[in-house]
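Inside the fold
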2 protein chains.
Amino acid sequence: MKGWEKNIRKVVPYVPGEQPKQRGIIKLNTNENPYPPAPGVAAALKGMDADMLRRYPDPTSEVLVKELAAYYHLEPEQVFVGVGSDDVLAMCFLTFFNSQKPILFPDITYSFYDVWAEMLRIPYERCALDEEFRIVKEDYYKANGGVIFPNPNAPTGVCQDLAAVEDIVAHNRDVVVIVDEAYIDFGGKSALELIDRYDNLLVVQTFSKSRSLAGMRVGYAMGNKILIKYLNDVKYSFNSYTMNAPTLAAAVEAVKAEEYFKETKGKIVATRERVKVELGKLGFRFQDSQANFLFITHPQFSAREIFEALKIKKIYVRYFNKPRIDNYLRVTIGTDEEMDELISFLKKFMGK
Amino acid sequence: MKGWEKNIRKVVPYVPGEQPKQRGIIKLNTNENPYPPAPGVAAALKGMDADMLRRYPDPTSEVLVKELAAYYHLEPEQVFVGVGSDDVLAMCFLTFFNSQKPILFPDITYSFYDVWAEMLRIPYERCALDEEFRIVKEDYYKANGGVIFPNPNAPTGVCQDLAAVEDIVAHNRDVVVIVDEAYIDFGGKSALELIDRYDNLLVVQTFSKSRSLAGMRVGYAMGNKILIKYLNDVKYSFNSYTMNAPTLAAAVEAVKAEEYFKETKGKIVATRERVKVELGKLGFRFQDSQANFLFITHPQFSAREIFEALKIKKIYVRYFNKPRIDNYLRVTIGTDEEMDELISFLKKFMGK
């Protein structure tokens, strides 16, 4: 080892889902939206004044913060925006989780939480989901340095009702509780309505799933003004100008397109419910996902084998080689046509 | 104070230069390029397939990394890209500066260094520039946890010659030395040619100044493959997808436009040299800046007063209310017309 290597922060990085470059694949592995962004997004990009790119963007991202605040009936000072919800969550870990006590999150959950905790040397403890992959809310009542969980949870798709979320927030008034609602637009009830009553609650959402803008990198957090102010202080201490001008323009258009938003998410939910029935007929088992994916297992067929067989057919789904979930597949809801191809392959694979 | 506030990382954030929204101003306060980005950038944005934004961008930013590697005759594994050089430098602080010993940087320098160090709880020590704002290289030979300095330095514009840079790198083989070359394209010699000989050297550059893309947020680091690998590990542990698709497309076009790049930076350098003469005639004093700004002071007129008077005339320059430099102004080199307006105002202000 070189001398300078001793001061290196050595980490085991998060491994994002595969982004295959070949064409003609059915990509159901990273929970992207099968429908394009709102038409206004393309228009905003085409209409960009490229000459203005010589100037720094607005460090406050005012145009987008205001648009989101109006959409959610909040004050602009209650909204924080970042480069995808991963950037927002990384900033949250840096800002809010500085206790000697462990932060708490589920054992089966978004696989970035332990990566951030390890990277930032934050002590953490995983609380086991029950046998039906539900969060056991009482596990989060013990002393801790902060709480984070996705709702609906990933990769399970299981959604907690708002009363359970509120119980967790109410039992943790002396730490910050982050509800990561990346998938909330596909079902479930947002904890947003609780932020006026609980100043320790932060709700994080994203444009990557329901608003078809994964490629643009936009996430946001909503909470009381003091939380948002602390978050902005750290953001300004990390990188003042995170959101570039085309991103702000595109994101504003995505928020404005309410009809298109409702229509596309309605289609995804309808497809999801239909696919649940079809997969049920094939003997697959899964919880009642409220997200844009299903987390499925089969009593006779190995998830890993199905995963490999699908890949050969250029159908990509996500497999996690981790305790408790190593016989599951996370399948993103694509278009009806894509899901029909998946189901028809599965029928053949299972000899039906 | 609320209970949850005790775990907050409380910081004094970096204050970016003003971004006034009014029109008709002469903006010489944030070292932006007065010329638009290469014509290919506008074409790339207009040609973007907005439908593809529903997919995550390439987390490896391969297209841009390869373009930069080819441009600088490096291997792609020697190049790291991020959301402006601020993002790159923040990642570097996280990755490389984890010693109990203080990192070293100049007392007068980019004002983000101490912000990152404070935010990340990294001990640091400032080494005083000499009376002519030159780095005293011997100050960096003592035991330390890492070294960072801009070359040319900001806000002074003073450039170290490559031999002095090499001396600092060579005296610090057991820590990482970062040379922040945000302004190197306007003069001075890059330390890039040293990276094969010194595996502890990282060179950071940006698209914000010489490539007119401040609004797009693109920075990069170059060094040996092991350094870059560690940096990527931390980046993937923070936010896997930082560079959005339009940014990658725009940045590639900016690198390709070599003739345009030479022409615009040539114009800025010519304007700078002419303005040096004009300001000298007015009695201003300044070092021989090699950057796209001048750092000026006047024996008879207060910098603060000139700053305020310029602002009323809608000419924005940068004033730092800090020890040793509180009678200086940092003036970005704009177009010839903009600089003529500045000089003509200064003449009137000084009764000449």
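Under an unreviewed UniProt entry, the name given to chain A is Histidinol-phosphate transaminase, and the organism recorded is Hominisplanchenecus murintestinalis.

1. Topic: the side chain of Ser212 of chain B
Here Ser212 of chain B shows up in the loop between β7 (201-206) and β8 (219-222). At a separation of 3.3 Å, a polar atom in the side chain of Ser212 of chain B contacts the side chain of Asn33 of chain B. Those residues within four positions of Ser212 of chain B in sequence are excluded, and the remaining contacts are Leu53 and Arg54 of chain A together with Asn33, Tyr35, Pro36, Pro37 and Phe207 of chain B.

2. Considering the nonpolar core
Soluble globular proteins tend to bury their nonpolar side chains together. Grouped together as the largest cluster of nonpolar side chains are 73 residues, with contacts concentrated most on Phe93, Phe96 and Leu202 of chain A together with Phe93, Phe96 and Leu202 of chain B. Not counting residues within four places of it along the chain, the set of residues in contact with Leu202 of chain B comprises Cys92, Phe96, Val177, Ile178, Val179, Ala221, Met222, Gly223, Leu227, Ile228 and Leu231 of chain B.

3. What about the interface of chain B and chain A?
Think of interface size as the accessible area that goes away when the parts come together; that is how it is often given. Listed as interface residues are 88 residues of chain B and, on the opposing side, 88 residues of chain A. Summed over the shared surface of chain B and chain A, the result is two salt bridges. Here chain B and chain A share 47 residue pairs in polar contact (both at pLDDT 80 or more) between them. Where the side of chain B that touches chain A is concerned, the elements lending two or more residues are α1 (39-46), α3 (84-96), α4 (113-119), α6 (225-236) and α7 (245-256) of chain B. Looking at which element gives the most residues to the side of chain B that touches chain A, the answer is α3 of chain B, with seven residues. In terms of residue class, the side of chain B that touches chain A is built from 45 nonpolar, 21 polar and 22 charged.

4. Brief notes about the side chain of Asn153 of chain B
Residue and element names in this part refer to chain B. Relative to the elements of secondary structure, Asn153 occurs in the loop between β5 (147-150) and α5 (162-170). Given a relative accessible area of 2%, Asn153 falls into the buried group. Apart from residues lying up to four places away in sequence, Asn153 is in contact with Pro106, Ile108, Thr109, Tyr110, Leu129, Val158 and Phe293.

5. Remarks on the state of the cysteines
In a disulfide, the sulfur atoms of two cysteines are covalently bonded to one another. On inspection of all chains with the given rule, the structure shows zero disulfides over all chains. Cys92 of chain A takes part in no disulfide bond, and the closest cysteine sulfur, belonging to Cys127 of chain A, lies 19 Å away.

6. Regarding the relation of the copies chain B and chain A
It takes a turn of 180° to lay chain B on chain A, together with a shift of 0.0 Å along the axis; the resulting RMSD is 0.0 Å. Taken together, these values place the two copies in the relation of a two-fold axis. By C-alpha distance to the rotation axis, the residue of chain B lying nearest is Lys46 of chain B, at 2.3 Å. The overlap is high: 100% of the interface residues of chain B also sit at the interface in chain A, so the same surface is used on both sides.

7. Observations regarding the sheet that holds strand β10 (residues 293-297) of chain B
All names here are of chain B. The sheet built from three strands is open, its strands ordered β9-β10-β12 with antiparallel pairing. Pairing within the sheet leaves two strands with one partner each, and these edge strands are β9 (285-286) and β12 (329-332). Contacts from helix α8 (residues 258-281) reach β9 and β10 within the one sheet, and its direction differs from that of β10 by about 10°.

8. Things to note about the sheet that holds strand β9 (residues 285-286) of chain A
All names here are of chain A. Taken in spatial order, the three strands line up as β9-β10-β12 in an open sheet, and their pairing is antiparallel. Taken across any chain shown, the strands that pair with only one partner, and hence form the sheet edges, are β9 and β12 (329-332). Two strands pair when backbone bridges link them, and strand β10 (residues 293-297) and β12 are joined in this way by four bridges, in the antiparallel orientation. Its bridge partner lying in β12, Phe293 is registered against Thr332. Packed onto the sheet, helix α8 (residues 258-281) meets β9 and β10 and runs at close to 10° relative to β10.

9. Observations regarding the environment of Glu77 of chain A
Mapping Glu77 of chain A onto the fold places it in the loop between α2 (62-72) and β2 (79-82). Put simply, Glu77 of chain A and Lys66 of chain A are eleven residues apart on the chain and 9.0 Å apart in space, counted from C-alpha to C-alpha.

10. Re the packing of α8 of chain A against helix α10 (residues 336-349) of chain A
All names here are of chain A. Interhelical geometry of α8 versus α10 gives an angle of 10° and a closest axis separation of 11 Å. Classified by the angle their axes make, α8 and α10 are roughly parallel. Contacts between α8 and α10 involve Thr271, Arg274, Val275, Glu278 and Leu279 from the first element and Asp336, Met339, Asp340, Ile343, Leu346 and Lys347 from the second. Of the residues belonging to the contact of α8 with α10, the class tally is five nonpolar, one polar and five charged.

11. A look at unusual backbone geometry
A cis amide bond links Asn151 of chain A with the next residue in sequence, Pro152 of chain A, at an omega value of -5°. Inspection of the secondary structure puts Pro152 of chain A in the loop between β5 (147-150) and α5 (162-170). For the peptide bond that leads from Ala154 of chain B to Pro155 of chain B, omega is 5°, which places it in the cis range. Locating Pro155 of chain B in the fold gives a position in the loop between β5 and α5. Even without being glycine, His73 of chain A reaches a positive phi, approximately 55°. Residue position: His73 of chain A is located in the loop between α2 and β2. For His73 of chain A, a relative accessible area of 73% translates into the label exposed. For Arg121 of chain A, which is not glycine, the phi dihedral falls at a positive 55°.

Cut-off values and rules
Residues numbered from 1 in each chain as written. Chains lettered and ligands numbered in written order. Predicted model: local features only at pLDDT ≥ 70, side-chain atom pairs only at ≥ 80, totals over all residues. Heavy atoms only, no water. Helix = DSSP H or I, 4+ residues; strand = E, 2+ residues; numbered from the N terminus. Polar contact = N/O pair within 3.5 Å; in protein donor to acceptor, adjacent residues only side chain to side chain. Contact = heavy atoms within 4.5 Å. Core = buried A, V, L, I, M, F, W, Y, C linked by side-chain atoms within 4.5 Å. Buried < 20%, exposed > 50% of the residue type's maximum accessible area, 1.4 Å probe, protein only. Salt bridge = Lys/Arg side-chain N within 4 Å of Asp/Glu carboxyl O. Nonpolar A, V, L, I, M, F, W, Y, C, P; charged D, E, K, R; others polar. Disulfide = S-S within 2.5 Å. Least-squares fit on C-alpha atoms with pLDDT ≥ 70 in both. Pairing = 2+ DSSP bridges. Axes fitted to C-alpha atoms, helices over the stretch in contact; angles between N-to-C directions. Parallel < 35°, antiparallel > 145°, perpendicular 65-115°, else oblique.

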